[in-house]
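Examination of the molecular architecture
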Amino acid sequence: MTHQHRGATDPVMSIGQGFTLVAVVVCLAPLPLLLVVATTANWPLGFWAGGVTLDWLRQGWEAVQPYTFFSLRLAGMVLAIDLAVGLPTAWLIARHEFTGRQALVTLINLPLAIPGIAIALALILAYPLARASGLLLLLGQVVYTLPFLVATLAPALAQPALIEREAVARTLGASAIQRLWHVTLPAIRSALLAALILVFTLSMGEFNVSFFLFTPLNKTLPVELYSAYITNRVEVAAAITAIFLLFVVPAAIAIERLGGSKIGQA
Amino acid sequence: MLIASLAVPVLTLFTLALLIPLIILLRQSLLEGSSGSLTLEHYAAVIRSLAYRRALLNSVLIAFASTLLALILCFPVAVYIERSRSRYRNALAVALTIPLSLPGIVIGFFVILFFGLTGLVPQVFLLLIGERQLSFAYTFGGMLLGYLYFQIPRVVLVLRGSVSALSQDVIDVSRTLGATPWQVYLDVLLPALMPAMISAASVSLATAFGAFGTAATLSRGFRVLPLEIASSFTESFQPERAASLSIALALLTTAILLGLGQVAERAVRPGRALDTSKGGTRA
């Protein structure tokens, strides 16, 4: 009885389906168009005007290659620092009640409430000499991504079943290292993977902080994308964007597969 | 003691890379240029300036308009994604999270691809009626569309959480009592999801106020606060002006979030604290 309304014929669901289709079309439609523009010889004249070409993609890849590798290296460093700092923090928040715990949670979530350009500006004003080294870029991205890592890991570490299993391992004589390696890490594996992919995606796509902190030697892919939007022809801009999406869209799909709506809600 | 030491790395990092810089930003916004004494002059200048007042108004306008549109569009979407038994449910959910991974500049470029001067829609019009129509990418309309795009996944994520906690009986009973489908949405589901709607609105507004990339790519005259902050720093190099604008933007965002928090407290009597950070607030 209760289930008969849930089918596709239920008018309440039909309305929902209609709105969902509109939203999905809005979200996805740019992707095929992007590929069409990137492979059209002369887009301002129309669909595949002048023929289909891979020249723009080749030209785009040559133009952004160094920035892509820089962004990948930067994302790797951000990941390493986030993990080293964020894992102990998530464990502390998930497992312990202490004075100042709420203050710590608020501090970690503070970057979410402050516009990225304000964080970037504050870093430049505080450490003007460190900008050239690219250190500020790294710090800005770490501060901006850490709340997401902690928010994904803390709930996984707080599962009562996991705490129980660790206690059992302890009574059986497992050392702290053994418990971490054989009990805790396997249990939070998918949350950990999702958190790492999330931080990687956020770092690869970060623009608001990077736009103010980049230097000619430390320039990220999104910053280069922006200058292509402003100065380059639309086909090249589309080609570079398509290359960029190869790095972030598969990661986004993987995150949704790993944990759905629970992941990354800092 | 050993356990407390786990907080040392994060406290060190956030003190050096966030708190100290923010204090310096605040100090900069309160410093008199030459003498080094404290002054509110930079804030007064911001308030006196017609351009900044307009940018503030524009920020409020586009943030509220795009949030309203996102709530209307995403409310039935969240109900469908959580309640439907369709095979495609998961694929649809994945599709709706894709904008979350895109920087604002890319979203701005998407709007250009569709509604720019040589965008798809004007091109189609050119073919059909011989002249370009709807090339509004660089106007308020284009920016509104871009803002809506990055708000869809954020609003859907917040609403989905609450829909999944809702009992199916609520829908079934109201249907049995003869409610029309639209009545189910407006009179039954909307009131039940009101706290989540307010929470989603907070996320959406905060994201819109801080959004820089989409505006930087699309704005040709419709100035919003983040653009004014950027240009006062990079173009005219007035760090104290940029600093006071940043503080003003952060205060405005916080004030609106706190205000909505109050509304939400009243909407749910036992008052669960409003989680403003759900879904992330960057674009």
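Within chain A, the secondary structure is distributed over 12 helices and zero strands. Written out in order from the N terminus, the α and β elements of chain A read α-α-α-α-α-α-α-α-α-α-α-α. Looking at the 266 residues of chain A, the share that counts as buried comes to 48%. Here the analysis covers contacts within chain A between residues at least 6 apart in sequence; of these, 74% occur between residues at least 24 apart.

Regarding its fold elements, chain B presents 13 helices and zero strands. The secondary structure elements of chain B, listed N-terminal to C-terminal, are α-α-α-α-α-α-α-α-α-α-α-α-α. Across its three principal directions, the C-alpha atoms of chain B cover 75 × 70 × 35 Å. Out of the 283 residues in chain B, the part that is buried amounts to 49%. Of the contacts made within chain B by residues no fewer than 6 positions apart, 73% connect residues no fewer than 24 positions apart.

What follows deals with the interface of chain B and chain A. Facing the 84 residues of chain B at the interface are 78 residues of chain A. Here the element with the most residues in the side of chain B that touches chain A is helix α1 (residues 8–29) of chain B; it accounts for 12 residues. Each residue belonging to the side of chain B that touches chain A can be placed in one class, and the counts come to 57 nonpolar, 20 polar and seven charged.

Let us look at the packing of helix α6 (residues 135–157) of chain A against α1(B). For the pair α6(A) and α1(B), interaxial distance at closest approach is 10 Å and the crossing angle is 115°. Taken as axis vectors, α6(A) and α1(B) run roughly perpendicular relative to one another. Crossing geometry of α6(A) relative to α1(B) is assigned as left-handed. Residues A:Leu139, A:Val142 and A:Val143 of α6(A) form the contact with α1(B), whose own contacting residues are B:Leu13, B:Phe14, B:Ala17 and B:Leu18. Within the contact of α6(A) with α1(B), the residues separate by chemical class into seven nonpolar, no polar and no charged.

This paragraph deals with the nonpolar core. Grouped together as the largest cluster of nonpolar side chains are 172 residues, with contacts concentrated most on A:Leu121, A:Leu123, A:Leu153, B:Cys74, B:Ile152 and B:Leu159. Ranked by residue count, the leading element in this core is α6(A), at 15 residues. Looking at this core, you find at least three residues from each of domain 1 (1–38) and domain 2 (55–262) of chain A.

The backbone phi angle of A:Trp48 is positive, close to 45°, even though this residue is not glycine. Here A:Trp48 shows up in the loop between α2 (30–38) and α3 (55–95).

Once that is clear, we can look at the domain arrangement of chain A. Reports of interface size often rely on the accessible area that becomes lost once the parts have come together. All names here are of chain A. Domain parsing of chain A yields domain 1 (1–38) and domain 2 (55–262). Summarising the inter-unit geometry, the C-alpha centres of domain 1 and domain 2 are found 30 Å apart. Taken together, the contacts link four residues of domain 1 with eight residues of domain 2.

A separate point is the confidence of the model for chain A. Averaged over every residue, the pLDDT of chain A is 89; residues scoring 70 or more account for 94%. In the predicted structure, residues 1–8 of chain A sits below a pLDDT of 50 and forms 11 contacts with residues beyond four places in sequence or in another chain.

Residues and elements named next belong to chain B. Direction vectors running N to C along helix α8 (residues 168–176) and helix α9 (residues 181–192) enclose 150°, while the axes themselves pass 11 Å from each other. Relative to α9, the element α8 is oriented roughly antiparallel. Seen from above, α8 lies across α9 with right-handed handedness. Every residue of α9 that contacts α8 at Val 170, Ile 171, Ser 174 and Arg 175 is listed here: Val 184, Val 188 and Ala 192.

Residues and elements named next belong to chain A. For α6, spanning 23 residues, the distance from its first C-alpha to its last is 31 Å, which sits close to the expected 33 Å at 1.5 Å a residue. At Thr 145, α6 is bent by approximately 35°, the largest bend along its length, and proline Pro 147 sits one to four residues beyond. Judged by how many residues are buried, α6 sits mostly within the fold: 20 of 23 residues are covered.

All names here are of chain A. Along the chain, Lys 219 turns up in the loop between α10 (210–213) and α11 (221–231). For Lys 219, a count of 18 C-beta atoms within 10 Å puts it in the partly exposed group. Spatially, the C-alpha atom of Lys 219 lies 25 Å from that of Val 85, the residues being 134 residues apart in sequence. Residues contacting Lys 219, with those up to four places away along its chain left out, are Tyr 67, Phe 70, Phe 214 and Glu 224.

The rules behind these values
- Residues numbered from 1 in each chain as written.
- Chains lettered and ligands numbered in written order.
- Predicted model: local features only at pLDDT ≥ 70, side-chain atom pairs only at ≥ 80, totals over all residues.
- Helix = DSSP H or I, 4+ residues; strand = E, 2+ residues; numbered from the N terminus.
- Buried ≥ 20, exposed ≤ 12 C-beta atoms within 10 Å, placed from the backbone.
- Contact = placed C-beta atoms within 7 Å.
- Nonpolar A, V, L, I, M, F, W, Y, C, P; charged D, E, K, R; others polar.
- Axes fitted to C-alpha atoms, helices over the stretch in contact; angles between N-to-C directions.
- Parallel < 35°, antiparallel > 145°, perpendicular 65-115°, else oblique.
- Left-handed = near helix turned anticlockwise from the far one by under 90°.
- Core = buried A, V, L, I, M, F, W, Y, C linked by C-beta atoms within 7 Å.
- Domains from an automatic or database assignment.
- pLDDT = per-residue confidence, 0-100.
- Expected span 1.5 Å × (residues − 1).
- Bend = angle between axes of the 7 residues up to and from the residue.

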